[in-house]
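Notes for the structure review
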Amino acid sequence: MAGRAASRPNGQSQASKICQFKLVLLGESAVGKSSLVLRFVKGQFHEYQESTIGAAFLTQSVCLDDTTVKFEIWDTAGQERYHSLAPMYYRGAQAAIVVFDITNQETFARAKTWVKELQRQASPSIVIALSGNKADLSSKRAVEYEEAQAYADDNSLLFMETSAKTAMNVNDLFLAIGETPAPIHSYYCP
Amino acid sequence: MCCLKSLHVKDSSQEGVITRDIHRTFPAHDYFKGTGGDGQDSLYKICKAYSVYDSEIGYCQGQSFLAAVLLLHMPEEQAFCVLVKIMYEYGLRELYRNNFEDLHCKFYQLERLLQEQLPDLYNHFMDLNLEAHMYASQWFLTLFTAKFPLCMVFHIIDLLLCEGLSIIFNVALALLKTSKEDLLQADFEGALKFFRVQLPKRYRAEENARRLMEQACNIKLLLKEHCEKMMEEVSIMVAYDAHVFSQIYEEDFFAKMVAISKPKPVVPTKKLKKYEKEYQAMRENQLQQEDPIDRYKRENRRLQEASMRLEQENDDLAHELVTSKIALRNDLDQAEDKADVLNKELLLTKQKLVDTEDEKRRQEEETTQLKEVFRRELEKADLEIKKTTAIIAEYKQICSQLSTRLEKQQAASKEELDIVKSKVMGCERCSEVFSKEGTLQLPAVSRDNRDQDMDEEKDSLKKQLREMELDLAQTKLQLVEAKCKIQELEHQRGALLNEIQAAKNSWFNKTMNSLKTATGTQPPPPPPPPKEGM
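Residues numbered from 1 in each chain as written. Chains lettered and ligands numbered in written order. Predicted model: local features only at pLDDT ≥ 70, side-chain atom pairs only at ≥ 80, totals over all residues. Heavy atoms only, no water.

Considerations on the overall build of chain A
- When its secondary structure is counted, chain A shows seven helices and six strands.
- In chain A, the succession of α and β elements from N to C terminus is α-β-α-β-β-α-β-α-β-α-β-α-α.
- The 190 residues of chain A split such that 57% are buried.
- In chain A, the share of contacts with a sequence separation of at least 24, taken over all contacts with a separation of at least 6, comes to 71%.
- Of the roughly 7900 Å² of accessible surface on chain A, 49% is carried by carbon and sulfur atoms. (Helix = DSSP H or I, 4+ residues; strand = E, 2+ residues; numbered from the N terminus. Buried < 20%, exposed > 50% of the residue type's maximum accessible area, 1.4 Å probe, protein only. Contact = heavy atoms within 4.5 Å. Areas by Shrake-Rupley, 256 points an atom, 1.4 Å probe, with all protein chains shown as cover.)

Laid out in structure tokens, this is it:
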């Protein structure tokens, strides 16, 4: 797969290095995984994003200092029933964004189980980010920022509250993941 | 069995997921646009009913698209039944079972078919590490309903309902075949983007969709496979055209003939079977190589899941059992209460009956007593009447005797008077005094002596007369009195008779009335044999 990135360099970047970054989005259904990706990749938002069946693959390149990081994003189906298909997508991923909906406590619990599973079964060096999405609906908040932050700290996760609707923290989250120093990054750079 | 109405009202643990998916299913389509509109409402009902109906699979994301497509063609009740048919009889639900084991098998089959039919594309995908699950998941799980334009989806579902699930392969291969050139030039990312964006877009043109369906129908995997098989079996040197058919057993021959004669989709069942077996063997192999602990762990997990599911089911059933028991108990209690009330009423009625009968008996006794009294009264009165009549008769007799005596005496006195008169006339002295007419002529003093005697006689006669007159008057008086008494007695008798009559009437009425009331409130009084335990 490494060769593909080289064959299609990202035009917007004058950077000398191009790194591929395989990333997977996990989380309960309808927490906003596809919306986060759509916001990050196309800068769009659909109020009624169609539910993802199986998985969707999208890419986006971002310039970080002298490196162009190409995110290869696998957006997965959220329903518990599709749980067993997820390993196909997080296996070999360098990063995972586990998404929950701040207005729904259950989705936070589900996020925790995803984190546990990733810690146990994904690549040991995987960067895990926790995203509390739908931050624009903070009036209906059911998961406190501090609670999620404390959980993230305990498990060494990146944590941000995001809103795919308002674009709040969406790019920041991806960039923060890209910047996370991990030796494995360089391994995937040609 | 497929009762949408009863199912969709039951609780489902998946309500949340379903609700969240409903407004994300064809959000651009008019029928499913409005939140809380008819389309979304029906869609929710169908999805929820299915999740209740099939507790093992439940609601799966993607199902809503298929349900929505069905809803665009038929009322919700029928759409639900067709969905159940597709899931159970067409076997779509098999894809979801055992961690999508069957789905993975389908991917393998598709890749093998691709390898056989479009080897260059297959090789290209191999180079890119592009696996079937990356592009074909939706094809199998939603039966092409999620992304493709509806005009094409309707064709596909028609074909599927006629031919079964394996037409997915026909359509998939047709899609890959028509997109072969584009895909061969694309890299990994480009290919996936092509599948996601351009491919569905291409079939918005109905002409393209029609051509694709034709192509899907013309993929004759079965025939080709058989030809290959036969080529292996029969010596290559033999001209296979004629001999070939004699070698195939009848069924296959028939299938082949059908395949040739009609341009209808030939479902590659044989080939698929073969690939399925291959896949299973491969899986078996993988499992063998796997750490047995992992295998057991997985097995264990699977069993645990099944156990949890069954426990849940058990809980649900237990809950249902308890609720129905409670309901039955309530019904029973109510029925018992009712029975108590009715029993009480029955007892009351019986008591009333007994009372009424007592009353009746008492009144009968009273009646007999009264009758007795009246009879006695009557007898007494009769006796009285008789006595009175006797008295009257006696009186009458006496009266007649008296009147005869009176007459006799009158006659006698007249006779005597005549005698006296004649004697008086005979006597000269006396004749002077008395005229022939009997008038007394005031006698001269000369006649005083003789007059003296006559006067005495007269006086005595007068006295006798007065006495007799007095006697007569008394007798007359007595007669009148007796008549009065008779009248009085008769009057009395009449009154008594009236009384008897009146008494008779009132008693009779009363008895009748009481009997009537007794019969009106209860069944005609069968003399109630007192039942035990009532």
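Concerning the packing of aromatic side chains
- Counted according to the given criterion, the structure contains 31 aromatic pairs over all chains.
- Centre to centre, the rings of Phe57(A) and Trp74(A) are 4.8 Å apart; their planes meet at 55 degrees, and the pair counts as tilted. Residue Phe57(A) is located in strand β2 (residues 55-64), and its partner Trp74(A) is located in strand β3 (residues 67-76); the two are separated by 17 residues in the primary sequence.
- Ring centres of Tyr31(B) and Phe32(B) lie 4.9 Å apart, and the angle between their planes is 70 degrees; on these two criteria the pair is classed as edge-to-face.
- Take Tyr31(B): its relative accessible area is 33%, and that puts it in the partly exposed class.
- Since its relative accessible area comes to 1%, Phe32(B) is described here as buried. (Phe/Tyr/Trp six-rings, centres within 6.5 Å; stacked < 30°, edge-to-face > 60°.)

What to know about the pairing of strand β4 (residues 95-101) of chain A
All names here are of chain A.
- Most of β4 is tucked away, with seven of its seven residues classed as buried.
- Of the two faces of β4, the one lined by Ala95, Ile97, Val99 and Asp101 and the one lined by Ala96, Val98 and Phe100 are each fully buried.
- Note that strand β1 (residues 17-27) and β4 share five bridges and pair parallel. Looking at the pairing, Leu26 lines up with Val98 of β4.
- Two strands pair when backbone bridges link them, and β4 and strand β5 (residues 127-133) are joined in this way by seven bridges, in the parallel orientation. The residue of β5 that forms the bridge with Val99 is Ser131.
- Each parallel crossover has a hand, and for β4 linked through helix α4 (residues 105-121) to β5 it is right-handed. (Pairing = 2+ DSSP bridges. Right-handed = clockwise from strand over helix to strand, strands pointing away.)

Note that all results are geometric; they support no functional claim without further evidence.
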